Structure formats: structure tokens, C-alpha cells
Amino acid sequence: QVQLAESGGGLVQAGGSLRLSCAASGSIFRLAVMGWYRQAPGQERELAASITNGGRTTYADSVKGRFTISRDNAKNTLYLEMNSLKPEDTAVYYCNLRYDAGRTSFNSWGQGTQVTVSS
């Protein structure tokens, strides 16, 4: 069982910055693919950024050049640095952990943290 806890959300003006954190329990974190998803009101949940256990990153086109995903395996923590924020970034941001070794698999979600960007 894996537990994820997001923090760092809040209210920020357009053009500002926030850093989100996701603390994971257990020992599987260092082996897992981690991601930040977001869901705006009335919209589907979408993947904003992901990072593999080896540190390879991917980004949605809408956040490329503005967001940076990173991980600290020693602290079991995932980060999302968000810069040049836009009102369109307003959403609940969710931390996700995925691990699949056939007989052992995890797909875990945090409860989310609200990010609101004012114009």
C-alpha cells in the first residue's frame, strides 16, 4: 500500500510561481514512475508532467517551458516547479505513482492540492 500527500498549492497571481510537493510512503517510490495530473472544473483529468525512476521527464505541451518536474528519492518526494503561471493553470493537482512488475503493481493517487491563478 502506498500513500501520497500533496502540498504547496494556493492562490497566486498570473505570472507568479508555486512549487508543489508530493510525499510518498513506503519503499517503492524510487522504482516508480511519478506524475502530476491536473483537473480543472468541468474538465477531464490530464497529465501535466511525468518522471521515470531514471529521471526522464515528459510534459504536456501546455506547460512545456514553464513547469519542471523533479524527484528526490532520498526524501521520497516528488516536486513540480511552476513558473509563469496562467489562469488556465487553475486546477486541482494530483500526484500519481505507477509501478508494475507483473505480480506486484501499484497505481496510487494523492488527494490533490488546489492551485488557483488569478488574472
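Residues numbered from 1 in each chain as written. Predicted model: local features only at pLDDT ≥ 70, side-chain atom pairs only at ≥ 80, totals over all residues. Heavy atoms only, no water.

Peer 1: Is there a simple way to think about the side chain of E6 in this case?
Peer 2: One can find E6 in strand β1 (residues 4–7). Within the buried set, E6 has no salt-bridge partner at all; the shortest N-O distance to an opposite charge, 7.6 Å, is to R45. There is a polar contact of 3.0 Å between the side chain of E6 and the backbone nitrogen of Q111. At 2.9 Å, the side chain of E6 forms a polar contact with the backbone nitrogen of G112. For E6, the residues in contact, after removing those within four places along its chain, are S21, C22, W36, Y93, Y94, C95, G110, Q111, G112 and T113. (Helix = DSSP H or I, 4+ residues; strand = E, 2+ residues; numbered from the N terminus. Buried < 20%, exposed > 50% of the residue type's maximum accessible area, 1.4 Å probe, protein only. Lys, Arg positive; Asp, Glu negative; His and termini not counted. Salt bridge = Lys/Arg side-chain N within 4 Å of Asp/Glu carboxyl O. Polar contact = N/O pair within 3.5 Å; in protein donor to acceptor, adjacent residues only side chain to side chain. Contact = heavy atoms within 4.5 Å.)

Peer 1: Looking at this model, I keep getting lost on the sheet that holds strand β7 (residues 67–72). Mind explaining?
Peer 2: Strands belonging to one sheet form pairs held by backbone hydrogen bonds; the direction of such a pair is parallel or antiparallel. Taken in spatial order, the 4 strands make up an open sheet running β1-β3-β8-β7, and their pairing is antiparallel. Both outer strands of the open sheet, β1 and β7, are each paired with one neighbouring strand and no more. Pairwise comparison of adjacent strand axes, ignoring direction, gives a mean angle of 15° for this sheet. Sheet analysis places β7 next to strand β8 (residues 77–82), joined by 6 bridges and oriented antiparallel. Residue S70 lies in a different strand from β8, and its bridge partner there is Y79. (Pairing = 2+ DSSP bridges. Axes fitted to C-alpha atoms, helices over the stretch in contact; angles between N-to-C directions.)

Peer 1: What is the right way to look at the pattern of salt bridges in this model?
Peer 2: Pairing is possible between side chains of opposite charge, provided their charged atoms come close. If you walk through the whole model with that rule in mind, you get 4 salt bridges. Residue D89 pairs with R38 through a salt bridge whose shortest N-O separation is 2.9 Å. Of this pair, D89 sits in the loop between β8 and β9 (91–100) while R38 is found in strand β4 (residues 33–39), placing the two residues 51 residues apart along the sequence. We classify D89 as buried; its relative accessible area is 1%. Judged by relative accessible area, R38 falls into the buried class, the value being 6%. D61 is the salt-bridge partner of K64, the closest N and O atoms lying 3.1 Å from each other. With a relative accessible area of 65%, D61 lands in the exposed category.

Peer 1: Would you take a moment to explain the state of the cysteines for this structure?
Peer 2: Enumeration according to the criterion identifies 1 disulfide in this entry. The residue that forms a disulfide with C22 is C95, at a sulfur-sulfur distance of 2.0 Å. Looking down the S-S bond of the C22 and C95 bridge, the torsion is -75°, so its handedness is left-handed. Here C95 lies in strand β9 and C22 lies in strand β3 (residues 18–24), a separation of 73 residues in the sequence. Assessed through its relative accessible area of 0%, C95 is described here as buried. (Disulfide = S-S within 2.5 Å.)

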